[in-house]
There are 2 protein chains.
Amino acid sequence: MGSGSRYGHTDAGARRLTSERRERMTEQAAHRALAHPEPGGIRLEDVLHALSDPVRLGIVRRLADAPDALACSAFDVPVTKSTSTHHFRVLRESGVVRQTYRGTAKLNALRRAELDALFPGLLDHVLAAADAEDTRRA
Amino acid sequence: MGSGSRYGHTDAGARRLTSERRERMTEQAAHRALAHPEPGGIRLEDVLHALSDPVRLGIVRRLADAPDALACSAFDVPVTKSTSTHHFRVLRESGVVRQTYRGTAKLNALRRAELDALFPGLLDHVLAAADAEDTRRA
DNA sequence: ATCGTACTACGAAGGTTCTCGAAGTACGAG
DNA sequence: CTCGTACTTCGAGAACCTTCGTAGTACGAT
């Protein structure tokens, strides 16, 4: 999980996610390993970026209310399967969720404890803010 | 400040900022009015998106430490003037900062009270998270 | 009136993101 | 083994973001 440069010509520009595109599914499934950032490699800006998309924020909110990990198919997202895959990957690579295979399903769990250790209260307040916005607009 | 569609073919896609590009500087300066979203029009996703850029987060952090409003030129951002203008506009249009003219300067102030009313504790926790990340990496 | 400082608008480049459809792989059930 | 379900990869398109340089406007001071 190196850091890829992004946007523009200067080194001071934003840096965000890297993808492990070169790892084919065959191999991924073989050793059942999905690349996750270590806690120390989780960056605030990536987390905020991940949460700034309505589809992904919806996924995270749903996940926060679930007692257990959920398969990708358990979410009612307004996009196709392939787009859904993309969003789950962004969430995983930013460190927001942890994904594990289980049979044909891929389980998703919020990395609550790790995020709380890094950024105390942040996730809860974002979730509360999302709820507050819902209430306000209702 | 309508909402423009963004990305892709479906209506379910993300929606974010609109720009008031058509207002020329002449007119802006004339009636000294910059478009700001009303408190009710501030959206969580826009705020998170605004804060997910390192340049903008830096601006917001500096602003949070300042007792008074600061001119754009008071910030030591690693980009050119025109790029800086862009970032300040994103911050303004997302509702994070309030901008007012004063002579040739444009003063920037965090919309703390309004943001706290909408999303209690969110801004403080993002700022704290940014500090925590700094500390951790030092 | 002229000058300098502060900020803006415009046009463009280059990369990223979100989206889709079609085809493919992995796994468990029958 | 074959089938169905779950998820992925690939290829593509459109919109968007960040960045820049150049040229321009606004305001205060000289």
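Residues numbered from 1 in each chain as written. Chains lettered and ligands numbered in written order. Predicted model: local features only at pLDDT ≥ 70, side-chain atom pairs only at ≥ 80, totals over all residues. Heavy atoms only, no water.

Notes on the overall build of chain A
For step 1, the next point in the chain: Check the secondary structure of chain A and you find 6 helices and 3 strands.
For step 2, the next point in the chain: The buried share of chain A, taken over its 138 residues, is 43%.
For step 3, the next point in the chain: Sequence-distant contacts in chain A: of pairs separated by 6 or more residues, those separated by 24 or more amount to 64%.
For step 4, the next point in the chain: By element, 51% of the accessible surface of chain A is carried by carbon and sulfur atoms, the whole surface being about 7300 Å². (Helix = DSSP H or I, 4+ residues; strand = E, 2+ residues; numbered from the N terminus. Buried < 20%, exposed > 50% of the residue type's maximum accessible area, 1.4 Å probe, protein only. Contact = heavy atoms within 4.5 Å. Areas by Shrake-Rupley, 256 points an atom, 1.4 Å probe, with all protein chains shown as cover.)

A look at the sheet that holds strand S3 (residues 105-110) of chain A
Residues and elements named next belong to chain A.
For step 1, the next point in the chain: Read across the sheet, 3 strands follow the order S1-S3-S2 without closing on themselves; strand pairing throughout is antiparallel. Both edges of this open sheet fall to strand S1 (70-71) and strand S2 (97-102), since each of them pairs with a single strand only.
For step 2, the next point in the chain: Summarising the sheet, S2 and S3 pair through 6 bridges and their orientation is antiparallel. Its bridge partner being in S3, Val97 is matched across the sheet by Leu110.
For step 3, the next point in the chain: Docked against the sheet, helix H3 (residues 54-65) engages S1, S2 and S3, running at close to 80° with respect to S3. (Pairing = 2+ DSSP bridges. Axes fitted to C-alpha atoms, helices over the stretch in contact; angles between N-to-C directions.)

Considerations on the pattern of salt bridges
For step 1, the next point in the chain: This structure, assessed with the given rule, holds 16 salt bridges over all chains.
For step 2, the next point in the chain: Between Arg136 of chain A and Glu133 of chain A there is a salt bridge; the shortest N-O distance is 3.7 Å. In this pair, Arg136 of chain A and Glu133 of chain A are both assigned in helix H6 (residues 122-136), 3 residues apart and thus about one turn of the helix distant.
For step 3, the next point in the chain: Given a relative accessible area of 30%, Arg136 of chain A falls into the partly exposed group.
For step 4, the next point in the chain: Among the residues examined, Glu133 of chain A registers a relative accessible area of 12% and is labelled buried.
For step 5, the next point in the chain: Ionic pairing is found between Glu133 of chain B and Arg137 of chain B, a salt bridge with its closest N-O pair at 3.6 Å.
For step 6, the next point in the chain: What makes Arg137 of chain B partly exposed here is its relative accessible area of 46%.
For step 7, the next point in the chain: One salt-bridge network, held together by shared partners, links Arg61, Asp131 and Asp134 of chain A. (Salt bridge = Lys/Arg side-chain N within 4 Å of Asp/Glu carboxyl O.)

Notes on the environment of Leu127 of chain A
All names here are of chain A.
For step 1, the next point in the chain: Along the chain, Leu127 falls in helix H6.
For step 2, the next point in the chain: Separated by 76 residues in the primary sequence, Leu127 and Leu51 have C-alpha atoms spaced 9.8 Å apart.
For step 3, the next point in the chain: What Leu127 contacts, discounting residues up to four positions off in sequence, is Val60, Arg61, Ala64 and Arg112.

Looking at the confidence of the model for chain A
Residue and element names in this part refer to chain A.
For step 1, the next point in the chain: Per-residue pLDDT for chain A has a mean of 84; in total, 77% of the residues score no lower than 70.
For step 2, the next point in the chain: Here residues 1-6 scores under 50 on pLDDT; set against residues more than four positions off or in separate chains, the count is 15 contacts.
For step 3, the next point in the chain: Every residue in residues 8-30 scores below 50 in pLDDT, and together they form 42 contacts with partners more than four places removed in sequence or on other chains. (pLDDT = per-residue confidence, 0-100.)

So, the relation of the copies chain B and chain A
For step 1, the next point in the chain: Expressed as a screw transformation, the operator carrying chain B onto chain A has a rotation angle of 180° and an axial translation of 0.0 Å, and the superposed copies differ by an RMSD of 0.0 Å. What the rotation and shift describe, once combined, is the action of a two-fold rotation axis.
For step 2, the next point in the chain: With an isologous cut-off of 70% or more, the 100% of interface residues of chain B that recur at the interface of chain A puts this contact in the isologous class. (Least-squares fit on C-alpha atoms with pLDDT ≥ 70 in both.)

Considerations on empty space enclosed by the protein
Residue and element names in this part refer to chain A.
For step 1, the next point in the chain: Scanning the entire structure with this criterion turns up 1 cavity of 30 Å³ or more.
For step 2, the next point in the chain: As for the largest cavity, its lining consists of Val47, Leu115, Phe119, Leu122 and Leu123.
For step 3, the next point in the chain: Grouping the amino acids of the lining of the largest cavity by side-chain chemistry returns 5 nonpolar, no polar and no charged. (1 Å grid on protein atoms, 1.4 Å probe; cavity = no way out; pocket = protein on both sides within 12 Å on 5 of 7 lines; lining within 4 Å. Points joined across faces, edges and corners; volume = space filled by probe spheres on them. Nonpolar A, V, L, I, M, F, W, Y, C, P; charged D, E, K, R; others polar.)

Considering the pairing of strand S2 (residues 97-102) of chain B
Within a regular strand, side chains alternate between the sheet's two faces.
For step 1, the next point in the chain: Residues Val97, Gln99 and Tyr101 of chain B point to one face of S2 of chain B and are all buried, whereas Arg98, Thr100 and Arg102 of chain B, pointing to the other face, are not buried.
For step 2, the next point in the chain: From the end of S2 of chain B to the start of strand S3 (residues 105-110) of chain B, which pair antiparallel, there are 2 residues, and Gly103 of chain B there has a positive phi angle of about 65°.

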